[in-house]
Amino acid sequence: MKTIISSFAVLAFACCAGAQEPAVVASATLKDGSVFKGELLTTDIAGWTLFESDLTLPFAIVKTLSFRGTNGEAQVELVNDDRFTLKVSDSSFRLSSSIGELTIPCSRIKTLSLAVRKASATVRDDGLVFHCDFESEASVTSPAVGVPGVFKGGEFGPGKSGNGLKVAAYTSSARFELPEGSLGKAGTIEFWGRIDEIGGLTDGGCPRFFEIIDMASKAEISDDWNANNGSGGCGLSFRIDGLPVMASSDYGRYSYDSYLFPVQAWHHYALVWDADGIAGLERFPLTRSFKSNGTNSYRNERPAKASAAVFIDGRCVMAVPFDPSWRGPSLAHKTSTLFFPSREDEMPGYLKRGYSIDEFKLWNRAKTEFGL
């Protein structure tokens, strides 16, 4: 069935080459107040602007489309918060709704509100869930493994392998919407990082390399260098929700060179966790261990088994002794957002030192060997 109507639609769109395209859901409010929900069958929108005479946008990067009058002029807002006016060339959009396939004239539409439909994480046979190699902006919008991202800013230059991403202080750089299942009861986050600006540590990220967070619950996984992590520690801090914060130093005593030799070089960072416990840590000399009772006291003993551990250049430098009551991060049961460097409501202030990052990987298993 094909019908021409004015309505409010929920759309779906597909985009990545070589993978199933992500579905875009949309809300379309028509000028008569009609409301419909369905899949958008039109994959992109074409038109012209003051800065581009022939512009085509995939609907997956559009947040809202608000029409003005009947001449096809619309206000466009993208998922990265860019806004501009577009004179739409398309005469109509097609969508699949509960009553069949509809063709909706643009002249009847007041507003389309769009969002990518939630998807399940794709996991490779080796357990790799996400991999961004930061070769170029295209590697952010279409990473080697995992969901497309939004590039906000930064420079691509020589990295640890090929190119890497250089992020200036006070700059938001990239964002990825991770589907449910990207994180599990066991996992590993590893990357190569380099501190590009050296200075006295302050509160906040000096630098913060990344943050994964569910904004509704504020459950997070993150790391940063700072003078006060809010839990009685400082220096290098790693957070994983449900466990005490791991930190390289007690409050007031910190330095980059406690772990980094030399400081302004590429170093390999890894956060590893397992709700059933990480075994085999006796192979590694341990620098720090946080007591599992959540107090602000540290000890320099290697736990026989750990719930989480941090590795720098292949050395186990911090660990949370095994806590059988912890069943893994709550983010394992949620969608979440991966930010470089930090969630955008804390920016630009949270990144106070520039850094570079390369080869960011997320695994669904606990790794303790990294082949460095």
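Notes on the structure in this doc start here. (Residues numbered from 1 in each chain as written. Predicted model: local features only at pLDDT ≥ 70, side-chain atom pairs only at ≥ 80, totals over all residues. Heavy atoms only, no water.)

### Here we look at the nonpolar core
Piece 1. By size, the foremost hydrophobic cluster in this structure holds 54 residues, and its most contacted members are Phe-176, Phe-210, Ile-221, Trp-225, Trp-273, Phe-340 and Phe-360.
Piece 2. The element contributing the most residues to this core is strand β29 (residues 355-363), with four residues.
Piece 3. In this structure, Phe-340 is in contact with Phe-134, Ser-172, Ser-173, Ala-174, Phe-176, Phe-209, Phe-210, Tyr-355, Ile-357 and Phe-360, ignoring residues within four places of it in sequence.
Piece 4. Judged by nonpolar contacts, the second largest core, of 27 residues, contains Ala-60, Ala-74, Leu-95 and Ile-104. (Core = buried A, V, L, I, M, F, W, Y, C linked by side-chain atoms within 4.5 Å. Buried < 20%, exposed > 50% of the residue type's maximum accessible area, 1.4 Å probe, protein only. Helix = DSSP H or I, 4+ residues; strand = E, 2+ residues; numbered from the N terminus. Contact = heavy atoms within 4.5 Å.)

### Concerning the pairing of strand β21 (residues 233-240)
Piece 1. Counting buried residues along β21, eight of its eight residues qualify, which places the element largely inside the surrounding structure.
Piece 2. Note that strand β20 (residues 220-226) and β21 share six bridges and pair antiparallel. Bridge pairing in β21 links Asp-223 to Phe-238. (Pairing = 2+ DSSP bridges.)

### Quick notes on the environment of Leu-178
Piece 1. By the secondary structure assignment, Leu-178 is in strand β17 (residues 174-178).
Piece 2. Considered as a pair, Leu-178 and Lys-334 are 156 residues apart in the sequence and their alpha carbons are 9.0 Å apart.
Piece 3. When neighbours within four sequence positions are excluded, Leu-178 is seen to be in contact with Phe-130, Val-147, Ile-212, Thr-335, Ser-336, Leu-338 and Leu-362.

### What about the side chain of Thr-42?
Piece 1. Mapped onto the elements of the fold, Thr-42 is located in the loop between β4 (38-40) and β5 (44-48).
Piece 2. A residue is classified by how much of its surface remains accessible, and Thr-42, at 15% relative accessible area, is buried.
Piece 3. Polar contacts involving the side chain of Thr-42 include one to the main-chain amide nitrogen of Arg-94, which spans 2.8 Å.
Piece 4. Here Thr-42 is in contact with Phe-59, Phe-93 and Arg-94, once residues within four sequence places are set aside. (Polar contact = N/O pair within 3.5 Å; in protein donor to acceptor, adjacent residues only side chain to side chain.)

### Focus on the pattern of salt bridges
Piece 1. Evaluated as defined, the whole model comprises 18 salt bridges.
Piece 2. Of the charged contacts, one joins Lys-367 and Glu-190 as a salt bridge, the two residues approaching to 3.0 Å between their closest N and O atoms. In this pair, Lys-367 sits in the segment after β29 while Glu-190 sits in strand β18 (residues 186-195), placing the two residues 177 residues apart along the sequence. Grouping residues by exposure puts Lys-367 and Glu-190 together as buried.
Piece 3. Taking the shortest distance from any N to any O, the salt bridge between Asp-276 and Arg-327 comes out at 3.1 Å. A residue pair is termed long-range when its members are at least 10 positions apart, and Asp-276 in strand β23 (residues 267-278) and Arg-327 in the loop between β27 (315-321) and β28 (336-340) qualify at 51 residues.
Piece 4. Exposure remark for Arg-327: the relative accessible area of 43% places this residue in the partly exposed category. (Salt bridge = Lys/Arg side-chain N within 4 Å of Asp/Glu carboxyl O.)

### Considerations on unusual backbone geometry
Piece 1. The omega torsion across Phe-261 and Pro-262 is -10°, close enough to zero to call that bond cis.
Piece 2. Relative to the assigned elements, Pro-262 resides in the loop between β22 (246-250) and β23.
Piece 3. Positive phi outside glycine occurs at Asp-81, with the angle close to 80°.
Piece 4. Among the secondary structure elements, Asp-81 is positioned in the loop between β8 (73-78) and β9 (83-88).
Piece 5. Backbone geometry at Lys-218 places phi at a positive 65°, although glycine is not the residue there.
Piece 6. With respect to the helices and strands, Lys-218 occurs in the loop between β19 (208-213) and β20.

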